[in-house]
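A structural walkthrough
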Amino acid sequence: MCGIIGYTGQTYLASKIVLDGLERLEYRGYDSAGLAILTNGEISVKRDSGKLRNIREGLESGLPSNHLAIGHTRWATHGRPTQDNAHPHKDNNSRIVLVHNGIIENYLQLKSTLLEKGHKFLSDTDTEIIVHLLAENEKHEASFKDAFFKTLGQLEGAWALSVVHVDYPDTIFIAKKNCPLLIGLTEDEGNFVSSDITAIIKYTRDVVYLEDHQAGMLTPGNLDLFDTKTKTQINYNVERVDWNPVMAEKNGYRHFMLKEIHEQPDVIRNTIGTNTNEEDGSVYLPDINMSNDDLLGIRKIIVVACGTAFYAGLVGKYLVEKLARVSVEMDLASEFRYRDPVLDKDTLVIAVTQSGETADTLAAINLAKERGCKTMAIVNVQGSSIARAVDGNIFIHAGPEIGVASTKAYMAMLVAFELFALYLANLKSTIEVAVAKQLIHELKVIPQKIEEVLKDKEDILKIAQKYTQYKSMLFLGRDLNFPTALEGALKLKEISYIHAEGYAAGEMKHGPIALVDRECPVVAVVTDSPVYEKVVSNIVEARSRDCRVLSIASKGDKEVQGFSDDVIKVPKVMDLLSPLLNVLPLQLFAYYVADLKGADVDQPRNLAKSVTVE
Ligand code: M6R
């Protein structure tokens, strides 16, 4: 959840690279930040609590010239977000310093042994024990490298680590287990370590993704990697990342979230790519890596995901069941991994994830693999842990998503499910060619329809102004747009802090209608669909309890004004594609409400972009 960056080289001022990188990593955690530099045999550490923009000046002032630095932005797990708990952490003799992502599960036990040996702890973190353990082991081992490997063997839990030692002034010691870490290599401008490609993409696109149980040494001209279990040196592949630095900038938008909402037409185009043929209704999935026989043998699909990705999966369930007639179960990844699910070789488990690093989703995939299931991911970050763990992938080409509230990745996940459902349906001959062709045709037109809605976004802003004072809202949708209601409610609550519930409209009478009164507006997705009349009656029931109603309706709907206080119209679209269009006004509504309330849209309180710990 936290972010790591480090640089070793002669070309750049290391501390500047690290501070700039921390700005790009801040979306991974933003309650404190710090950096350590190594100059003339001395380690200097600067760290503080708060957002980077508030503390950056203090962190960079008075730093001597430097060529090696490591930095960290934190999302607190153990210990409050204070200066003492901020990374980097040093040993008592200021010879070793480190930054860490993850959790050390056996830290209490290790800490008590280290306390007996006289180590003085200055923070409440689990991380600090690692630096003391390194110092302790160094006393007994032949080299710091041996002490480093011994220490890794004593830790339980998850880590991405970057460690610096005064006696190795150009080396960053690195290690990974269950937390992402990658190395960026250059020909002669030094080398980088980071938890995330966006922090270093300005300097290099040539990366090495570390695997679990790997550790090594990074110097300006070299990377040595070892398997920590066998202690043998290993070869590695350098991969070329196809993102570019401009993609990770705001490009004049007030917030990343607003920029990412506007990127959605292109994200859809890129995710469809050249993988459909409108003339015969066929779909091509280049990275699915499963034979037709494999796919035809699937008896059950289970989708595992968290948060917004889970709601995208729920749309996927409806699509796959409607089009391909295969039964799909939905599982929150955090539940799946502990509830002993029924799995076999005829089950396909699909992970849906923007980051490809969500700890629960990764654990769910590992469990599915252990049980002999086929596995697939719908994933944005190529090279991520989940993308590498599964049998096959559908990459969603959303580009870097920096806003903590996911928007364009959700949209691209829906596109991926449209493609997958159609692919499977074609294979199983459960769809007529004419319908397949129409679906592809209309899918390709969705970007234009989204652009139409974006052109009228000021109307949504005006509507949002009427909803900022409410403390609670109920989002309703049905069938394919039940997940749209869930996603609309999640967007609103996570960035505006207004309590919001998403409900299947037909379920309202079974409980949530008790919430409805003039203080609790209803936001209803009531676009053209076979369940239109049903949703209308649910809205009318709510409205007779005096609530304000905001409806998302199709252009040309003449009835909707009769049962709504406010209406946002979207272009008409084939029902199967309606979730793509209908979520857009809800994203904008949440954005404007949050912004009008003065909330920090891109970095909402208590959240982090990637949840890489349980
Ligand atoms: O990277 P992932 O897609 O696996 O992340 C899953 C959730 O953590 C994520 O969607 C989260 O719910 C977002 N904050 C929603 O906007």
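In this report, we go over the structure that sits alongside the text.

1. Things to note about the pairing of strand 12 (residues 214-219)
The side chains of a regular strand alternate between both faces of the sheet. Burial of strand 12 is extensive: six of the six residues sit out of reach of the surface. In strand 12, alternate side chains face the same way, and those of Gln214, Gly216 and Leu218 on one face and Ala215, Met217 and Thr219 on the other are all buried. Bridge analysis of strand 8 (residues 172-177) against strand 12 gives five bridges, and the strand direction is antiparallel. Bridge assignment links Lys176 to a residue of strand 12, and that residue is Gln214.

2. Structural notes on the sheet that holds strand 21 (residues 374-379)
Taken in spatial order, the five strands make up an open sheet running 19-18-20-21-22, and their pairing is parallel. What marks the edges here is a single partner per strand, and that holds for strand 19 (327-332) and strand 22 (392-395). Here the strands of the sheet are splayed against their neighbours by 20° on average, with no regard to which way each runs. Pairing geometry for strand 18 (residues 300-305) and strand 20 (residues 347-353), over five bridges, is parallel. Among the inter-strand pairings, Lys300 is bridged to a residue of strand 20, identified as Thr347. Against the sheet, helix 9 (residues 307-324) contacts strand 18, strand 19 and strand 20, and its axis sits at roughly 170° relative to strand 19. Strand contacts of helix 11 (residues 359-370): strand 18, strand 20 and strand 21, with the helix running at about 165° to strand 20, the strand carrying the most contacts.

3. Notes on the sheet that holds strand 25 (residues 522-525)
One open sheet accounts for five strands, arranged 24-23-25-26-27; its pairing is parallel. Looking at the sheet topology across the chains shown, the edges are occupied by strand 24 (499-504) and strand 27 (566-570). Strand-to-strand, the axes of this sheet are offset by a mean angle of 15°, without reference to chain direction. Where strand 23 (residues 472-477) and strand 24 come together, six bridges link them in parallel fashion. Note on strand 24: the bridge partner recorded for Gly477 is Ala504.

4. Considering the packing of helix 15 (residues 457-465) against helix 18 (residues 578-596)
Two numbers describe how helix 15 lies on helix 18: the axes approach to 9 Å, and their chain directions differ by 55°. With respect to each other, helix 15 and helix 18 are oriented oblique. Crossing geometry of helix 15 relative to helix 18 is assigned as right-handed. For the pair helix 15 and helix 18, the contacting residues are Lys457, Ile460, Leu461, Ala464 and Gln465 in the first and Pro585, Leu588, Phe589, Tyr592, Val593 and Leu596 in the second. Considered class by class, the residues forming the contact of helix 15 with helix 18 number nine nonpolar, one polar and one charged.

5. Quick look at the pattern of salt bridges
Enumeration over the complete set of coordinates arrives at 37 salt bridges. Linking Lys345 and Asp346 is a salt bridge whose minimum nitrogen-to-oxygen distance equals 3.5 Å. Note on Asp346: relative accessible area 24%, which makes it partly exposed. In this structure, the salt-bridge partner of Asp566 is Arg548, at a minimum N-O distance of 3.0 Å. Here Asp566, found in strand 27, pairs with Arg548, found in the loop between helix 17 (532-543) and strand 26 (549-554); they are 18 residues apart in sequence, far enough to count as distant.

Thresholds, definitions, all that
- Along every chain, residues carry numbers that run from 1 in the direction the sequence is written.
- Owing to the predicted nature of the model, reporting of local features is limited to residues with pLDDT of at least 70; listing and counting of side-chain atom pairs is limited to 80 or more, with chain, interface and lining totals taken over all residues.
- The basis for every side-chain value is the complete set of heavy atoms in the structure, and neither hydrogens nor water enter the calculation.
- Accessibility here uses a 1.4 Å probe with only protein chains present; expressed as a share of the type maximum, an area under 20% marks a residue as buried, one over 50% as exposed, and anything in between as partly exposed.
- Starting at the N terminus, helices and strands are each numbered in turn, a helix being any DSSP run of H or I of at least four residues and a strand any DSSP run of E of at least two.
- Strand pairing requires that DSSP identify at least two bridges connecting the strands.
- The convention used is that axes are lines fitted to C-alpha atoms, helices contributing only their stretch in contact, and that angles between N-to-C directions extend from 0 to 180 degrees.
- Any pair of residues with heavy atoms lying within 4.5 Å of one another is described as a contacting pair.
- Put simply, angles under 35 degrees are roughly parallel, angles over 145 are roughly antiparallel, angles from 65 to 115 are roughly perpendicular, and the rest are oblique.
- For any pair of crossing helices, the crossing counts as left-handed if the nearer helix is rotated counterclockwise from the farther one by less than a right angle, and right-handed if it is rotated clockwise.
- All amino acids are sorted into three groups, where Ala, Val, Leu, Ile, Met, Phe, Trp, Tyr, Cys and Pro are nonpolar, Asp, Glu, Lys and Arg are charged, and the leftover types, Gly among them, are polar.
- Definition used for salt bridges: Asp or Glu carboxyl oxygen within 4 Å of a side-chain nitrogen of Lys or Arg.

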